[in-house]
Amino acid sequence: MKHLTLPPIASAGQPLAAIDTPALVLDLDAFERNLDRLQAAADAAGVKLRPHGKAHKTPAVALAQIARGAVGICCQKVSEALPFIEAGVADIHISNEIASLPKAALLAQAALVARMSVCVDDIVQVDMLGQAAAQAGSRLGVFVEIDIGHGRCGVTGIEGVLPLLDRIARHPQLEFRGLQAYHGTLQHLRSHAERRERSARAAARAGEVVLALEARGVRCGTVTGGGSGSAEFDFASGVFTEIQAGSYAFMDRDYGDNEYTDTLRFEHAMFLACTVMSTAAKGHAVVDAGLKSLTTDSGLPGIWPPGRLRYHQASDEHGVVHAIDGPLPALGQQLLLVPGHCDPTINLHDQIVCLRAGVVEALWPVSSRGLSR
Ligand code: PLP
Ligand code: MN
């Protein structure tokens with residue numbers, strides 16, 4: 001039987017219109033401006049940048065961030081970190097807790113090749129990490145996660161931190177590196193003033209713990225946290241020494257809906273290219289990108305440029321498009337969508353098609369795609 005091979009989604013030198021869809025496409029100029037902008041703001045504030053790898057899952061993106069001055073990256077999962085290590089990323093913080101010995105063992109193995117750290121909010125996790133690091137013969141950095149109002153992981157206040165510090169000190173291969181303080185929901189508050197006020201309150205809660213520890217003679221080397229919606233405030237907080245923003249590199253529709261001032265603003269750089277594949281119905285067009293190509297947890301995608309068309313409804317492999325102003329797109333026409341939420345959308349794709357001035361420059365594998373263990 002004849003063996004059929006799937007042609008590549010795109011190749012270098014092709015124009016955008018020639019790539020097969022659905023495809024994640026990256027406007028390299030806008031992407032590089034986003035990276036430069038956040039790194040410059042971090043440098044100006046004297047704060048380190050450790051961008052979040054869960055937003056892109058793509059080693060080429062991490063290397064571009066590190067080339068600009070990022071100290072390393074964050075990952076949310078141990079397995080997610082492996083392709084980054086393989087690609088040469090030497091410093092990875094798992095900004096999350098783990099609670100099983102096999103994961104702790106894998107992390108401890110990873111720490112033989114890269115500088116690794118992880119969060120804890122319970123002594124059980126500390127003991128697992130200590131045991132795994134002893135077995136592997138490696139050193140693991142440990143951050144105590146504190147809850148600064150998000151209400152997800154993390155202990156509350158100095159009383160929650162102290163027993164964990166005692167426990168970490170019992171394991172010679174664990175090294176207390178500081179606090180993680182992350183508040184996710186405030187990132188997406190639309191009003192700039194409200195984000196500033198809530199970010200300041202969250203940072204103040206972290207600051208209280210830092211001072212209380214200092215009063216007991218414990219220095220927090222690093223206070224890590226923050227995201228794309230709070231970074232500008234976190235830089236100025238005097239509390240955070242390291243910022244974990246991820247989505248700023250791509251900017252999804254949800255982050256685009258935030259209100260910004262001109263101090264720190266990022267551009268949409270990541271799009272989902274799709275094709276109109278049916279115009280048989282009156283009143284709408286249908287594109288080839290639905291729930292298998294984008295996620296709708298943060299709402300439907302936008303259509304780029306905004307104002308003319310609206311993505312109305314998603315099903316598995318269909319997207320229904322309405323006109324806001326002017327005609328519907330023609331059969332075969334390519335459209336660019338702005339994903340509602342970049343992180344889980346990228347996790348649906350094997351590669352990113354990188355374009356400069358509308359021409360394909362490179363294909364970047366999304367190597368950590370699907371690695372959620
Ligand atoms: N740090 C942690 C612990 C997170 O969970 C997240 C995102 O959810 C981030 C940083 C990065 O946030 P963003 O992609 O919104 O910039
Ligand atoms: Mn996200």
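Not measured: the values here are computed from a predicted model.

### Digging into the site of ligand 1
Around ligand 1 there are 15 residues in total, and Lys54, Ser228, Gln244, Ser247 and Tyr255 lie nearest to it. Here Ser247 contributes a side-chain N or O atom positioned 2.6 Å from an oxygen atom of ligand 1. Here Tyr255 contributes a side-chain N or O atom positioned 2.6 Å from an oxygen atom of ligand 1. Grouping the constituent residues of the shell around ligand 1 by class yields three nonpolar, 10 polar and two charged.

### Details of the packing of helix H5 (residues 123–136) against helix H6 (residues 157–169)
Each pair of packed helices can be summarised by the angle the axes make with each other and by the distance between the axes. Between H5 and H6, the least distance of the axes is 9 Å, while the angle of their chain directions is 15 degrees. If you check the angle between H5 and H6, you find them roughly parallel. H5 and H6 meet at a crossing whose hand is right-handed. Each of Ile123, Val126 and Asp127 in H5 lies in contact with H6, whose residues at this interface are Pro163, Leu164, Arg167 and Ile168.

### A short note on the pattern of salt bridges
Taken as a whole and judged by the stated rule, the model has 19 salt bridges. The salt bridge partner of Arg369 is Asp350, with a shortest N-O separation of 2.4 Å. One end of the pair, Arg369, is in the segment after strand S17 (359–365); the other, Asp350, is in the loop between helix H10 (342–346) and strand S16 (351–356), and 19 residues separate them in sequence. Given the relative accessible area of 51%, Asp350 is considered exposed.

### Considering the UniProt feature "domain: D-serine dehydratase-like" (unreviewed entry) in the protein chain
Mapped onto this numbering, the UniProt entry gives "domain: D-serine dehydratase-like" (unreviewed entry) at residues 269–356. End-to-end, the C-alpha atoms of residues 269–356 are 11 Å apart, and along that stretch the chain is 6% helix and 44% strand.

### A word on the environment of Val113
For Val113, the location among the structural elements is in the loop between helix H4 (101–110) and strand S5 (115–120). On the accessibility criterion, Val113 (66% relative accessible area) is exposed. Expressed as a C-alpha distance, the spacing of Val113 and Asp91, which sit 22 residues apart in the sequence, is 9.5 Å.

### Re the environment of Cys342
With respect to the helices and strands, Cys342 occurs in helix H10. Taking the C-alpha atoms as reference points, Cys342 and Phe271, 71 residues apart in sequence, are found 9.3 Å from one another. Ignoring any residue separated from it by four or fewer positions in sequence, one finds Cys342 in contact with Ala55, Ser247, Phe250 and Asp252.

### Some thoughts on the nonpolar core
Counting 98 residues, the largest nonpolar core has Leu26, Phe31, Ile92, Met116, Leu129 and Phe250 as its most contacted members. In terms of residues, this core owes the most to one element, helix H7 (residues 192–215), which gives seven residues. The two domains that each donate at least three residues to this core are domain 1 (16–25 + 266–365) and domain 2 (29–252). If sequence neighbours within four positions are ignored, Met116 has contacts with Ala81, Ile85, Ile92, Ile94, Leu107, Ala110, Ala111, Leu140, Gly141 and Arg177. Counting residues in each nonpolar core, the second largest holds 11 residues, with Ala23, Val25, Phe271 and Ala273 among its members.

### Quick word on the domain arrangement of the protein chain
Here the domain parsing of the protein chain yields domain 1 (16–25 + 266–365) and domain 2 (29–252). Put simply, the middle of domain 1 and the middle of domain 2, counted by C-alpha atoms, are 32 Å apart. Summing the contributions of domain 1 and of domain 2, the shared interface buries around 1800 Å²; its carbon and sulfur component is 58%. When the area that domain 1 buries against domain 2 is broken down by residue, the three leading residues are Phe266, Glu267 and Trp364, summing to 38%. Inspection of the region where domain 1 meets domain 2 yields five salt bridges. For Arg37, the salt bridge identified is with Glu267, shortest N-O distance 3.1 Å. In this assembly, domain 1 and domain 2 are joined by 10 residue pairs in polar contact (both at pLDDT 80 or more).

Conventions used here
Residues numbered from 1 in each chain as written. Chains lettered and ligands numbered in written order. Predicted model: local features only at pLDDT ≥ 70, side-chain atom pairs only at ≥ 80, totals over all residues. Heavy atoms only, no water. Near = heavy atom within 4 Å. Polar contact = N/O pair within 3.5 Å; in protein donor to acceptor, adjacent residues only side chain to side chain. Nonpolar A, V, L, I, M, F, W, Y, C, P; charged D, E, K, R; others polar. Axes fitted to C-alpha atoms, helices over the stretch in contact; angles between N-to-C directions. Helix = DSSP H or I, 4+ residues; strand = E, 2+ residues; numbered from the N terminus. Parallel < 35°, antiparallel > 145°, perpendicular 65-115°, else oblique. Left-handed = near helix turned anticlockwise from the far one by under 90°. Contact = heavy atoms within 4.5 Å. Salt bridge = Lys/Arg side-chain N within 4 Å of Asp/Glu carboxyl O. Buried < 20%, exposed > 50% of the residue type's maximum accessible area, 1.4 Å probe, protein only. UniProt positions renumbered as here; feature names shortened; annotations may be inferred. Core = buried A, V, L, I, M, F, W, Y, C linked by side-chain atoms within 4.5 Å. Domains from an automatic or database assignment. Buried area = accessible area lost by both parts, 1.4 Å probe.

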